[in-house]
Amino acid sequence: MEKGTLVEFRVGSDRRLGVVDRPDGKARWFVVDERGQSHSLAPRQITYTVSGQTYKPSQIPEFLAEIKPYLDPSSLEVAWELLAETGETATPAEMANLLFSSSEAHHSYAAYYLLSDDKIYFKQKGDAYEPRTSAAVAERKHQLEVEALKAKGQQEFLTRVELALKGELVEWQRHDRHRLEALEKYASLIADIVRVGLSYDSLARAYPPPQPVQETMNLLGRPATPQGAFQLLVDLGWWSEHENLFIRRSSIPIQFPTKVIEVAQQRLDSHLPDRDINRLELTHLKVYTIDDESTTEIDDGVSWELLPDGRERLWVHIADPTRWLLPEDDLDLEARKRGSTVYLPTGMIPMFPEVLATGPMSLVQGKICCALSFGVVLNEAGAVEEYSIHPSLIKPTYRLTYEDVDEMLHLGLEAESEIAAIAQWASRRKAWRYAQGAISINMPEAMIKVKGEDISIDILEDSQSRQLVAEMMILAGEVAAKYGQKHNIPLPFRGQPQPELPPEQELVQLPAGFVRACAMRRCMPKSEMSITPVRHAGLGLDTYTQATSPIRRYSDLLTHFQLKAHLRGEVPPFSAEQLKEVMLSVSTITQEVTMVERQTNRYWALEYLRRNTDTVWETVVLMWLREDSGLALILLEELGLQLPMFFKRSVKLGEQILVKAAHSDPHKDVIQFQEIIYQEA
C-alpha cells in the first residue's frame, strides 16, 4: 500500500480512519489515526481503503465532515427498491453513483459506511452488497421494532429500579412483574441451603440462572446468583429481608383462588340446606372454648353435665365445617390441596377462607353454632363406659384462654364448678391412659411469635388447662374411632407402633429430666395412618383417630364427612379405597407443611439469637450428634430451643453450661455458640 493511503479499521466496535505510514515487517502496516496514535495492522484488520488520492492524518476530520451530510440510512430504502426487482449487487462506488450521482472518494466511503451499518436492506456478498428479499426486509423491520421496544422497556425498567432503590414508591408494570417474578423463583432456591444442605457457592453452581434472570441481573450490573436475586428484591422493597423462602419453595398455596373466595361468599350469603335435620339441641349446656389468645379458628369446646341417675357426662363439641360444604366441591378440594392450616411465627395460612373459618365454621361465643358433639360417660378408672355422637346445636358460653382456665382452677370458683369437674375427669382419664401403656415425654416447646420487627420466644407450658384440653380432644378421638370400628366405617385411623425404649438400666444411667426424655424421644416411631383401626402406643389407646380440628386439619374433616353420613343413615362419601387414596395425597402435603413450619421456626430462632449475641444462656447438653467430632445437641432452657454446638473440651450429657451465640446467620442456617466460663476471683 502507498504511504498516505486512507484506510478504515476497527478498534473493538468503533470505526477508525487512519493514514498508512510505513510497513511493519512483511505483512503488516503502521497506520496513524487523527489523534496521531500509531497502530500496527494486518491486512485483514483493514475494512475499507479510500482510493484516488493520499492523505495526512490531520486531514481525517475534514474528510469525515465531508461525508457527514450523506449518512442518511433512509436513503438506502430507495436504492433497495431499485435493485430488489433485478436482484443486482452493487459495490460502494456503484451505490454512491446510485445515491449521490458521484463516485468520488468521500461519496464512495459514505455509501460503504451506510451499507456496512445497514441491517435491513442489503447483505454483503464479497466486496459488493446484495439486496434482501421483500420478506426478509419485512422480517428485519419487525425484529428491529421488537428490539427497539425491548430497549425502551429496559430503559424504563432501569428508571423505575433507580427510583425504587431510592425508596420512592414505584408503580411496577406488567413486564416488570414478569421480571420480578422470575427473580422471586430463582431467589427462593436459597431455601435449599436448609432443605438439602447446599452452600451458597454450590447452590449457584447447581442452579445456573434462567435467561430472564441472567438478562435482568446483567442489566443492573448485579451477580446472577440466588443470593444476588434475593438482595435485589429486598433492595427494591419487593421483598422483606425476612421473606419466607421455605413457603415460596414449597407447593403450599398462600392465596385462595378467586373462585374459592366467591364460593365461600355465596355460602355465607345463602346457606346450604342443612342435611342434619335432626340436630340434638344442646344450647342449655354451659360450653367453654379454651384456646390461645391469638386463636381465630375456634373448633372445639367442652361441657359437663350431671345426669338424672347421678352419673356425670362429659361433652366435647367440635365445630362442624361440613355444614358449609360438600365432599368434592370447590371448598373441599381447596382444603384437601392445602392439607392443614399452616402456623408460622408471622401468622397463619388457613385451610379455609377466613370469612368461613373464623366466622360461621367456628364456635363463636354467644351464637348458636352447628357442632358435632361427643357425649361420654367414663367409669371411675377413666375408661369409656358409654358414648354417643350427635350433630348438634350449641351456644358457646365462654371464650377462655389457657391462662383464664388455670386461674379459675387455682381459685376454685364455685360459679364455674363445671371446669373443675372436667379438669378432675381429665386427670383421671390421663392416669387411665398411662395405665394402658401411654408414654409421656416432656420436653420444653418454644412458641415463637413475630409482630412487625419484634420477635418473642416463650415456652409452651404444660399447664393444667392444656392437659385438660388435650385429654378431652384425645377422648373425642378415641370415641370417634370406636364408633368407626363398631360400624365398620373407613376412617383415617391414626396409630403408633410400640417403641423399643432403652432398657431401664440404661435409662437410669442417664441424667433424669431432659436428657432421659430426649433419649426416649429418639426411640419413638412415627405415627401411622390407616383406614382400619390400629393401636396408638404413645397414647395408650387401642383405636384412635383425629376428629377435633376439622377447620384446621383435613384428615379430621374426612372423619367428620364419614361419621356424619353414617349418623344420617347414608353411605359414607368415601369408600375404603377412595379414602386411602385421599389420605395418601393429604399425608404428602401435611409432611411438607410440617417441614415448612419447622424450617420457619428455626429461621426465626436463629434471627432472635442473632439479635441477642450479648445474652448469656443457661443450657444443658442433651445428646451427642457426632461424639467423635464434639458435636452435641444443647437445650437453651429459657427459650425451649434445641440447637447443635461444637465442643472443644470433654463434656458430659446433662452438664449445664453457659453460652453465647457467637455467630448466627438464619439465611445460611448457621449457628455457632461460644461457651462462657467465669473465672473465680
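Up top is the structure these notes are about.
The present account deals with the structure reproduced in this document. (Residues numbered from 1 in each chain as written. Predicted model: local features only at pLDDT ≥ 70, side-chain atom pairs only at ≥ 80, totals over all residues. Heavy atoms only, no water.)

Concerning the overall build of the chain
Filter applied, for reference: Under the scheme used here, helices are H or I runs from DSSP no shorter than 4 residues and strands are E runs no shorter than 2 residues, and both carry numbers assigned from the N terminus. With the radius of gyration taken over C-alpha atoms, the globule rule is written as 2.2 Å times the number of residues to the power 0.38. When a residue's accessible area, from a 1.4 Å probe over protein chains only, is under 20% of the maximum for its type it is buried; when over 50% it is exposed; and in between it is partly exposed. Working rule for contacts: check all heavy atoms of both residues, and any pair within 4.5 Å makes them a contact. In these tables, accessible area is a Shrake-Rupley quantity obtained with a 1.4 Å probe, and a residue counts as shielded only by the protein chains included in the view. For this count, His and the chain ends are skipped, Lys and Arg are scored as positive, and Asp and Glu as negative. All charge positions are set by atom: Lys at NZ, Arg at CZ, Asp at CG, Glu at CD.
Assigned secondary structure in the chain consists of 21 helices and 25 strands. Against the compact-globule benchmark of 26 Å for 681 residues, the chain has a radius of gyration of 39 Å, which places it well outside the compact range. If one aligns the C-alpha atoms of the chain with their principal axes, the spans along those axes are about 125 × 80 × 45 Å. By residue count, 47% of the 681 residues in the chain fall in the buried class. Long-range contacts, defined here as pairs at least 24 residues apart, represent 65% of the contacts in the chain between residues at least 6 apart. As displayed, the chain offers around 34,500 Å² of accessible surface, 50% of which is attributable to carbon and sulfur atoms. Taken as two groups, the 74 positive and 98 negative side-chain charges of the chain have centres that lie 4 Å from each other.

Considering unusual backbone geometry
Of note in this structure, Asn488 is not a glycine but carries a positive phi near 55 degrees. For Asn488, the location among the structural elements is in the loop between helix H17 (464–486) and strand S19 (493–495). We note that Asp669 has phi near 60 degrees; this positive angle belongs to a residue other than glycine. Mapped onto the fold, Asp669 is located in the loop between strand S24 (656–665) and strand S25 (670–675). Overall, the relative accessible area of 23% leaves Asp669 in the partly exposed class.

Focus on the sheet that holds strand S21 (residues 617–626)
Spelled out, the test is: Any two strands are treated as partners once DSSP identifies two or more bridges connecting them. Simply put, an axis is a line fit to the C-alpha atoms, just over the touching stretch for a helix, and the angle between two N-to-C directions goes from 0 to 180 degrees.
With respect to topology, five strands assemble into an open sheet ordered S23-S22-S21-S24-S25, the strand pairing being antiparallel. In this open sheet, the two edge strands, each paired with only one partner strand, are strand S23 (641–646) and S25. On average, each strand axis in the sheet is inclined to that of its neighbour by 45 degrees, with strand direction left out of account. As paired strands, S24 and S25 are joined by six bridges and run antiparallel to one another. Bridge pairing in S25 links Val659 to Glu675. Here helix H19 (residues 514–523) sits on the sheet in contact with S21, strand S22 (631–636) and S23, set at roughly 35 degrees to S21.

Points about empty space enclosed by the protein
Rules: Cavities and pockets were defined on a 1 Å grid built over protein atoms only: a cavity is a set of grid points that admits a 1.4 Å probe from which the probe cannot escape, a pocket is an open set flanked by protein on both sides within 12 Å along at least five of seven lines, and lining residues are those with an atom within 4 Å of any such point. Grid points are joined across faces, edges and corners, and a volume is the space filled by probe spheres set on the points.
Under the counting rule described, the total for this entry stands at one cavity of 30 Å³ or more. In this structure, the largest cavity occupies an estimated 120 Å³ of space. If you trace the largest cavity, you find 13 residues lining it, with Glu243, Leu245, Phe246, Tyr603 and His667 closest to the centre. Top element by residues in the lining of the largest cavity is helix H21 (residues 576–611). It accounts for three residues.

Some points on a nonpolar patch on the surface
Spelled out, the test is: Within this analysis, patches are made of residues with over 30% relative accessible area and no salt bridge. Like charges are joined at 9 Å or less; nonpolar side chains (Val, Leu, Ile, Met, Phe, Trp, Tyr) at 5 Å or less. What counts as a salt bridge is simple: a side-chain nitrogen of Lys or Arg found within 4 Å of a carboxyl oxygen of Asp or Glu.
Together, Val78, Leu82 and Leu98 line one region of the surface with nonpolar side chains, adding up to about 260 Å² of accessible area. Its place among the elements puts Leu82 in helix H2 (residues 75–84).

Considerations on the environment of Val161
Residue placement: Val161 occurs in helix H5 (residues 134–165). By relative accessible area, Val161 is classed as buried at 3%. Taking the C-alpha atoms as reference, Val161 lies 9.7 Å from Leu232; in sequence the two are 71 residues apart. If we skip the residues at most four places from it in the chain, Val161 touches Trp172, Leu220 and Leu236.

Details of helix H10 (residues 226–235)
Of all the ten residues making up H10, seven are buried; the element is thus mostly covered by neighbouring parts of the structure. If you follow the buried residues of H10, they end up packed against helix H6 (174–187), helix H8 (200–206), helix H9 (211–220) and helix H11 (245–249). Backbone geometry just downstream of H10 places Gly237 in the positive-phi region, at approximately 80 degrees.

Section: the sheet that holds strand S3 (residues 28–33)
Spatially, the five strands line up as an open sheet ordered S4-S3-S2-S1-S5, and their pairing is antiparallel. The strands lining the two open edges of the sheet, one partner per strand, are strand S4 (38–41) and strand S5 (46–50). For this sheet, the mean inter-axis angle between neighbouring strands, taken without regard to orientation, is 40 degrees. Where strand S2 (residues 14–24) and S3 come together, six bridges link them in antiparallel fashion. Counted as the bridge partner of Arg22 is Phe30 from S3. Most of the contacts of helix H1 (residues 60–67) go to S2, to which it runs at about 140 degrees, and overall it touches strand S1 (6–11), S2, S3 and S5.

Some points on the packing of aromatic side chains
Selection rule: Geometry of aromatic contacts follows a simple scheme: Phe, Tyr and Trp rings, the Trp one being its six-membered ring, pair when their centres are within 6.5 Å, and the pair is stacked under 30 degrees between planes, edge-to-face over 60, tilted otherwise.
Applying the stated criterion to the full structure yields 15 aromatic pairs. Taken together, a centroid distance of 4.5 Å and an interplanar angle of 20 degrees make the contact between Tyr48 and Tyr112 stacked. Taken together, the positions of Tyr48 in strand S5 and Tyr112 in helix H4 (residues 105–117) put the pair 64 residues apart, joining distant regions of the chain. Since its relative accessible area comes to 15%, Tyr48 is described here as buried. Owing to a relative accessible area of 6%, Tyr112 belongs among the buried residues under this scheme. On the numbers, 5.9 Å between centres and 35 degrees between planes, the contact of Tyr109 with Tyr112 is tilted. Note that Tyr109 and Tyr112 are positioned in helix H4 at a spacing of three residues, about one turn of the helix. The two residues Tyr109 and Tyr112 agree in class, both being buried.

Overview of the pattern of salt bridges
Across all of its chains, the model carries 50 salt bridges by this definition. With its nearest N and O atoms 2.8 Å apart, the salt bridge here joins Asp235 to Arg222. Highlighted residues: Asp235 in helix H10 and Arg222 in the loop between H9 and H10, separated in sequence by 13 residues. For Asp235, a relative accessible area of 29% corresponds to the partly exposed category. We classify Arg222 as partly exposed; its relative accessible area is 22%. Across the pair Arg248 and Glu243 runs a salt bridge whose closest N-O atoms are separated by 3.0 Å. With a relative accessible area of 32%, Arg248 lands in the partly exposed category.

Some details on the side chain of Arg160
Turning to its location among the elements, Arg160 is positioned in helix H5. Residue classification places Arg160 among the buried positions, given a relative accessible area of 16%. Once residues lying within four places of it in the same chain are set aside, the contact partners of Arg160 are Val170, Glu171, Trp172, Gln173 and Asp176.

A look at the pairing of strand S15 (residues 384–394)
Here strand S8 (residues 280–281) runs beside S15; their pairing, made up of two bridges, is parallel. Counted as the bridge partner of Leu280 is Ser392 from S15. Relative to S15, strand S14 (residues 369–378) runs antiparallel, the two sharing ten bridges. Paired with Val377 across the bridge in S15 is Glu386. Between S14 and S15, which pair antiparallel in sequence order, lie five residues; one of them, Gly382, sits at a positive phi of approximately 115 degrees.

Taken by themselves, the reported measurements are silent on function.
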